[in-house]
Structure formats: structure tokens, C-alpha cells
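# Fold and contact review
One-letter residues, chain by chain:
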Amino acid sequence: MAKKPLQQITTTLASMSSAIYILVIIGAISALGTLIPQGQAPDFYMQHYGGLTGRIITVLSLHRLYQAWWFLAMLLLLCLSILLCAVKRLRRTRSVLIFSSLIMHLAIILVLGGAAWSLGYGHSANIELAEGQSVSLAEFGFAPGQLTLDRFQIDYYPDYQPRQYSSLLSLQGYQGQDYHQEIAVNHPLKAGYLKIYQSSWGWMMQITTQAADGQSKSIALPDRSEYWLDQSRHLKLQAIFVPDLDETRPGINSLSPLPRNPHVLIALVEHDRVIGMNLLRAGESAQLGEYKFSLDGFSYYSGLNVKEDRGVYLVFTGFFLLLAGMLVRYLAENMVRKAA
Amino acid sequence: MGIYEDLAFSTAFVAYTAAILLSVWGFAAKHEHVTRFADYITACGWAANTLALILRTISAERLPLSNGFEFLVAFAWGIVLFYMWMRYRHRLQAVGLFLLPIVWGILAYAAVEMPASQKAITPLMPALKSNWLSVHVATAILSYGALAVSFALAVMHLVKERYAQNKSTTSRLYKNLPGMDVLDESCYRFITIGFFLLSMVIISGAIWAEQAWGSYWSWDPKETWSLITWLIYGACLHVRQTYGWRGRRSSVIAVIGFAAVLFTFFGVNYWLVGLHSYA
């Protein structure tokens with residue numbers, strides 16, 4: 001009697017040769033993804049690979065290969081195949097070897113399942129906070145809670161290479177609890193399933209701009225960024241923080257990254273052309289064109305990565321089971337060998 | 001590099017060089033005592049290699065596992081560790097002939113090709129300040145060491161088989177190489193050890209990345225190539241278990257697997273990054 005199509009597919013998937021074919025294809029495709037720079041804008045591929053190849057890359061989403069639906073479908077197919085293989089073998093024989101092999105394969109499915117969970121239900125956001133600034137986590141799609149940056153600090157080696165970045169954080173009213181903790185790179189804050197990572201930093205300047213008509217505005221401008229004063233006239237303000245200005249030499253050089261002699265270089269730019277600039281200390285102001293700029297102050301800002309992802313725990317459980325299964329298998333094999 | 005560390009490094013290098021020459025002599029002339037002497041010299045080289053790593057640990061005030069140069073010196077150390085273990089437990093002849101030149105090449109590359117800036121002791125950047133760094137790199141060294149031994153055994157198997165195919169079974173190389181079954185079995189055992197350790201490398205890296213950046217996997221070229229390596233060895237073990245692939249086919253996969261190991265380190269560092277850097 002002829003097999004039904006579904007039955008035929010399961011039989012094919014349950015054979016190990018299919019699993020290995022899928023594995024080899026996934027490996028080859030992954031390798032391809034390391035040769036094509038990932039995640040650039042479509043124009044980039046047109047310029048670097050030419051029209052036709054560039055089009056092929058973007059149409060097949062080879063530029064976002066690891067997130068492409070067909071790549072994820074392939075991983076799903078691998079999962080199915082592994083599962084069917086494992087079940088089939090369990091039905092045939094039972095021994096420590098088969099048992100450990102089953103654990104290992106289920107562990108891999110758990111890892112991939114956890115990764116799918118992360119992809120589907122994981123949620124993360126980058127939040128930049130100046131010292132003293134506060135933000136509601138609900139605004140970023142998390143459970144309600146008030147996150148405040150109390151202090152940000154950089155420790156340096158003697159040669160001014162950064163040793164550690166750390167942020168003193170307060171998280172209030174998050175799922176009925178308050179947290180007050182210093183985080184650093186490799187030491188995130190954990191609040192239930194929520195984790196907050198130290199991810200970047202910079203300087204933030206408080207500047208008051210006063211236009212010719214007397215209108216004034218107070219703005220917070222991150223270092224090396226720009227602020228549109230007047231879009232219609234292509235007029236913008238740029239600001240660069242100079243932490244330790246060297247006053248013994250001409251030009252604008254910083255002796256160290258520490259705020260020992262802090263200045264801010266502000267520039268008024270019209271149509272990408274600098275039409276006026278000045279160096280300011282905190283509290284000073286300058287007239288550039290028809291605008292008056294005052295530097296009210298400056299502080300660090302801390303770039304925080306806030307994440308909620310329960311898939312991580314499935315993945316890590318999978319990791320543990322995989323290693324445990326391998327170890328049991330290795331020991332069992334050794335015992336069999338010694339007995340023989 | 002401090003002067004004492006430099007001295008220890010040079011001693012290791014000279015000893016490994018001498019061990020290669022002695023191995024060739026012992027093998028060609030079938031002098032058992034020369035081969036044993038080569039083992040002693042190898043052990044001396046390994047002791048000096050260990051000393052170089054210890055001296056660096058002292059002057060850097062951390063484990064010597066955090067830049068390319070330190071990794072290569074430790075990689076050579078790991079290969080020789082498994083080589084000596086193999087000589088002690090499995091007592092296979094002639095493996096040094098195929099394996100020690102790899103060690104020699106790695107150290108020569110580290111000494112000559114690496115720019116001085118990469119050899120200097122540099123303080124750890126914040127992302128590297130984690131205990132997972134030690135677990136991750138230490139398991140990598142051991143894994144790569146075991147896989148290097150499996151590679152040498154696989155190459156020996158292929159050489160021996162080629163001689164058998166050409167009916168040149170009277171040649172000295174054929175006669176003095178261990179039997180094909182023994183080579184095959186030992187190769188398999190080193191792959192299982194290396195594969196387990198490689199799993200630990202990838203897993204510790206993922207856990208560490210989750211702690212440092214909040215993401216356990218981001219498909220960067222290094223991660224991806226370590227996964228590809230893992231898939232190759234995984235496939236190798238499966239076809240052996242289920243389809244009984246032995247001998248030549250199994251050896252070919254072992255060679256491809258080790259090529260992937262080397263590519264994960266050298267290729268990704270020097271070639272793929274270069275490819276990306278125009279962007």
C-alpha cells in the first residue's frame with residue numbers, strides 16, 4: 001500500500017541522512033553569511049557587488065541571512081528531524097548510550113526552542129540617561145517602574161585606557177520591589193526576568209539657545225551630535241566636549257579623557273559650512289550669528305540596554321543538558337570499551 | 001615581553017625544533033631510544049612553554065589568555081599537552097612527525113609574523129573582565145589541542161592508506177606508521193574529547209556574551225565559524241556511529257574539521273575582518 005504524503009515526509013525527516021543534509025546546508029549557508037557583510041542598507045550591496053549580485057543579495061535577504069524566514073524555517077526543519085530521529089531510535093533500543101544521546105538531542109531542541117522564544121517574545125530597548133535623569137520603563141514597553149541614573153563612573157588604567165564603566169541605578173516600584181544597585185560591563189542588574197546592561201556612555205551638554213527674536217530654548221545635547229535651529233535655513237548647532245583642554249598648545253586638544261579642564265566647542269553650521277564657533281566653559285555664553293548660546297552645564301550619560309527575555313533560561317538549560325548528556329555518553333562509552 | 005619570558009619562549013621553540021629533528025631521525029633509522037629521547041626533549045620544551053605562560057601571568061597579573069599572541073602560545077601548549085598524553089597512553093609511533101611541525105609553525109608565526117603591538121601586555125578592556133574569559137579560552141586551548149592531535153592521526157591514516165593503495169607496502173614510511181585501525185580508533189577518541197570541549201567553548205562564550213552584552217548569540221563571523229566547526233565534527237561522529245564511516249572518509253572529515261578550527265582563529269581574524277573593513 002502506498003504511504004500517505006505526510007507519512008512519507010515524516011519517514012524522510014526521521015532518517016538521519018536528512019538530518020545531516022539539513023545540517024550541512026545550514027553550515028554552508030551560515031558560512032556564506034560570514035562572507036557577505038550583514039545588516040547594511042540595500043544601497044551598500046548595489047554599490048559593492050554591482051546591480052545584479054546586489055539585487056540577488058537583497059531579494060533573497062542574504063544581507064539579513066540569519067533572520068531570513070527561510071533560514072529560520074531550515075532550523076525548524078532541523079529541529080523536527082532531530083526529534084523524529086531521537087524518537088525512532090528510542091523505540092528500537094534502550095541503553096545508557098541511547099538515553100544520553102536522547103538527552104543531547106532534546107537539549108539541542110531546547111536551545112533552538114529557547115532561541116525562538118527570545119526572537120518572538122524577547123524585548124529590549126536602549127535607554128540613554130544623564131546623571132540624575134529618570135525614566136518610566138512602561139514607556140519602553142516593560143512593566144511599570146521608575147529607572148533613575150544616580151551616578152555614572154569610568155575607571156581608567158594609568159594610560160587612560162578604560163578599566164570599567166559603571167552606573168549606579170535605582171529601579172523603583174518594579175513589580176512591587178525597589179532595587180538600588182551599581183551595574184558595570186559584565187555585571188547587569190537583575191530584577192525578576194528584567195536585566196539592565198551597561199552598554200555605552202558619553203557626555204551630555206545643557207545648552208540654552210536664544211534667537212534674535214528673544215525666544216529661548218533649553219536643550220540637552222549629546223557629545224558630537226547636532227541640533228536643528230532652523231530647518232528652513234539649514235541652520236544647526238554642533239557641540240563637541242573637550243574634557244581636558246590643552247591651553248599650552250594652539251588648536252583644540254584634550255590631554256586626557258578626564259574632565260580636568262572641561263570646555264565645549266560649539267559651532268553654528270549653515271548648509272554644512274561652519275559660520276561661527278567658540279569654546280565655552282560652564283556658565284559662559286557666546287554670540288554666534290544671530291543666536292546667543294549659553295553652556296549651563298554638562299554631565300555623563302549612560303547608555304543602558306534593558307532586556308526582558310525568558311528564552312535565555314531555556315537556552316541555558318539546554319546548554320547544561322547538552323554537556324551533561326555528552327559527559328554521560330563519554331563515560332558510558334569508556335566503560336563499554338574497558339569491558340570489551 | 002620580559003627577558004625571562006622571552007628566554008622561556010625561545011627555549012621552548014628550540015626544544016620543539018630539536019624534538020622534530022630527533023623524531024625524524026628516530027623514525028627513519030627506527031631507533032627506539034632516539035624516539036624516546038625526542039619525547040624527553042618535547043617534555044622539556046613543554047615545561048619551558050609552561051614557564052613562559054607563568055611568567056606572563058605574573059607580569060600581566062592575570063591569566064595569559066586575552067590576546068592573539070597569548071592564545072597562540074597557549075594553543076601550542078595545549079597541543080603538546082595532548083600529544084604527550086597520547087604518547088603516554090596510546091603509545092602511537094610517529095605522531096610527533098606530523099604534529100610537532102604544527103606546534104613549530106604556530107610558535108614561529110607568533111614570534112615572527114605577529115606585530116610587537118599584539119605581543120605587548122595590554123590591560124583588559126571592560127568586556128573582557130569576566131571569569132568566563134578564563135573558562136572560554138582555557139577550554140578553547142584544550143579543545144583545539146585535542147583536535148590538532150586528531151588531525152595528525154587522520155593525516156597519518158590518509159598517508160598510510162595512500163601507500164597501501166599504491167601497493168608500496170614495503171616502503172619504510174608505510175611499515176613504521178601505526179596500523180590503520182589503531183589510527184582510526186585513536187582519532188575518533190580525540191575527536192570525542194575535542195568535541196565535548198568545543199561545546200564548552202561555544203557555551204561558555206554564549207553565557208559570557210549574554211552577561212556582557214545581553215545577547216547570547218549574534219552570528220558574528222567568529223561565532224558562526226565556531227558553530228560550523230562544531231557541526232562538522234558533530235556530523236563526523238554521527239556518520240561514524242550510524243553509517244559506520246571509518247578510515248578514509250572519517251579521516252577526511254577530521255582534516256576538514258581541523259581546517260575549520262584554524263580558519264575560525266586565523267581566517268576570521270585576518271581575512272574576514274579584512275573583508276569587512278572596506279565597508
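From a predicted model like this one, the values you see are computed outputs, not experimental measurements.

Criteria and cut-off values
Residues numbered from 1 in each chain as written. Chains lettered and ligands numbered in written order. Predicted model: local features only at pLDDT ≥ 70, side-chain atom pairs only at ≥ 80, totals over all residues. Domains from an automatic or database assignment. Contact = placed C-beta atoms within 7 Å. Helix = DSSP H or I, 4+ residues; strand = E, 2+ residues; numbered from the N terminus. Nonpolar A, V, L, I, M, F, W, Y, C, P; charged D, E, K, R; others polar. Axes fitted to C-alpha atoms, helices over the stretch in contact; angles between N-to-C directions. Left-handed = near helix turned anticlockwise from the far one by under 90°.

Okay, the domain arrangement of chain B next. All names here are of chain B. As assigned here, chain B comprises domain 1 (1-123) and domain 2 (127-279). Each of domain 1 and domain 2 has a C-alpha centre, and these two points are 20 Å apart. Residue-level contacts link 24 residues of domain 1 with 22 residues of domain 2. For the side of domain 1 that touches domain 2, the element with the highest residue contribution is helix α3 (residues 68-89), accounting for eleven residues. A per-class count over the side of domain 1 that touches domain 2 returns 18 nonpolar, five polar and one charged.

This part is about the packing of helix α3 (residues 42-49) of chain A against helix α4 (residues 51-59) of chain A. Packed helix pairs are specified by the crossing angle of their axes together with the interaxial distance, meaning the distance between the axes. All names here are of chain A. As a packed pair, α3 and α4 sit with axes 7 Å apart at the nearest point and diverge in direction by 145°. Crossing of α3 over α4 shows right-handed handedness. Taking contact as the criterion, the partners of Pro 42, Tyr 45, Met 46 and Tyr 49 in α3 are, on α4, Gly 51, Thr 53, Gly 54, Ile 57 and Thr 58. Each residue belonging to the contact of α3 with α4 can be placed in one class, and the counts come to five nonpolar, four polar and no charged.

Next up on the list: the environment of Ala154(B). All names here are of chain B. Inspection of the secondary structure puts Ala 154 in helix α6 (residues 131-165). Linking Ala 154 and Ser 250, residues 96 residues apart in sequence, is a C-alpha distance of 8.0 Å. What Ala 154 contacts, discounting residues up to four positions off in sequence, is Cys 187, Ser 251, Ala 254 and Val 255.

Our focus in this paragraph is the interface of chain A and chain B. Interface extent is often summarised as the accessible area lost during association of the parts. Listed as interface residues are 35 residues of chain A and, on the opposing side, 33 residues of chain B. Contributing elements (two or more residues each) for the side of chain A that touches chain B: α2 (16-35), β4 (162-174), β7 (194-210), β14 (291-308) and α7 (311-339) of chain A. No other element matches α2(A), which puts nine residues into the side of chain A that touches chain B.

Positioned with a positive phi, Asn186(A) is a non-glycine residue whose angle comes to about 80°. If you trace the backbone, Asn186(A) turns up in the loop between β5 (177-184) and β6 (189-191). The backbone of Ala94(B) shows a phi angle near 70°, a positive value even though the residue is not glycine. Its place among the elements puts Ala94(B) in the loop between α3 and α4 (95-113).

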